[in-house]
Amino acid sequence: MEDVPSVEYIAKFIAKMQQKYTQRNSDDEEKVPRLLLTEPSGAYSSWKAHAVGRNSKALKTYLENNYEADMEEDKTIRLAVETLLESVESEKHIEIAIMRADHKTEKISSEVIDRIVAEIKKEREDN
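Now for a look at the structure at hand.

Here is what the cut-offs are and how they apply
Residues numbered from 1 in each chain as written. Predicted model: local features only at pLDDT ≥ 70, side-chain atom pairs only at ≥ 80, totals over all residues. Heavy atoms only, no water. Helix = DSSP H or I, 4+ residues; strand = E, 2+ residues; numbered from the N terminus. Buried < 20%, exposed > 50% of the residue type's maximum accessible area, 1.4 Å probe, protein only. Contact = heavy atoms within 4.5 Å. Areas by Shrake-Rupley, 256 points an atom, 1.4 Å probe, with all protein chains shown as cover. Polar contact = N/O pair within 3.5 Å; in protein donor to acceptor, adjacent residues only side chain to side chain. Core = buried A, V, L, I, M, F, W, Y, C linked by side-chain atoms within 4.5 Å.

1. Some remarks on the overall build of the chain
Consideration 1: Helices and strands together make up the secondary structure of the chain, namely four helices and five strands.
Consideration 2: Reading the chain from its N end, one meets helices and strands in the order α-β-β-β-α-α-β-β-α.
Consideration 3: The buried share of the chain, taken over its 127 residues, is 18%.
Consideration 4: The long-range fraction of contacts in the chain, counting pairs at least 24 apart against all pairs at least 6 apart in sequence, stands at 31%.
Consideration 5: Summed over all atoms, the accessible surface of the chain reaches about 10,100 Å², with 52% contributed by carbon and sulfur.

2. Regarding the side chain of Thr-83
Consideration 1: Looking at the secondary structure, you find Thr-83 in helix H3 (residues 73-85).
Consideration 2: Within the structure, Thr-83 has its side chain in polar contact with the backbone oxygen of Leu-79 (distance 2.8 Å).
Consideration 3: Sequence-distant contacts of Thr-83, that is, excluding residues within four places in its chain, are made with Leu-59, Tyr-62 and Leu-63.

3. Overview of the nonpolar core
Consideration 1: Counting residues in hydrophobic clusters, the biggest one holds eleven residues: Ile-77, Val-81, Leu-85, Ile-94, Ile-96, Ile-98, Ile-108, Ile-113, Ile-116, Val-117 and Ile-120.
Consideration 2: Elements with a contribution of two residues or more to this core: H3 and helix H4 (110-126).
Consideration 3: The greatest single-element share of this core, amounting to four residues, is contributed by H4.
Consideration 4: Once residues lying within four places of it in the same chain are set aside, the contact partners of Val-81 are Ile-94, Ile-96, Ile-116, Val-117 and Ile-120.
Consideration 5: Listed in part, the five residues of the second largest apolar core include Ala-51, Leu-59, Leu-63 and Met-71.

Quick look at the structure:
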């Protein structure tokens, strides 16, 4: 007979499983990209755009007001940067990765993020 797994072992297993699926892209039947948010309780929800953590309520409102269906990838990345700029202390703290349907992950370079941030700041100064 095998040993009964400890509570700590089970907790670590669930945490690893949650992390695995938190970082995995998922498509619905219509092949529409989406985000999946998992909760420690095991519940999950699907989102087109979402924010968690500090200032999440304001960030979700920002996303609701600025998200458009069928956005091109460049515009989507820009929206992510604009949203993160509302929460982070410095753009140096922004990291973005894109998970594609073929399960390939691409990290957006800091140079690209810096260029987008500069464009956003210039537009804000001009307005």
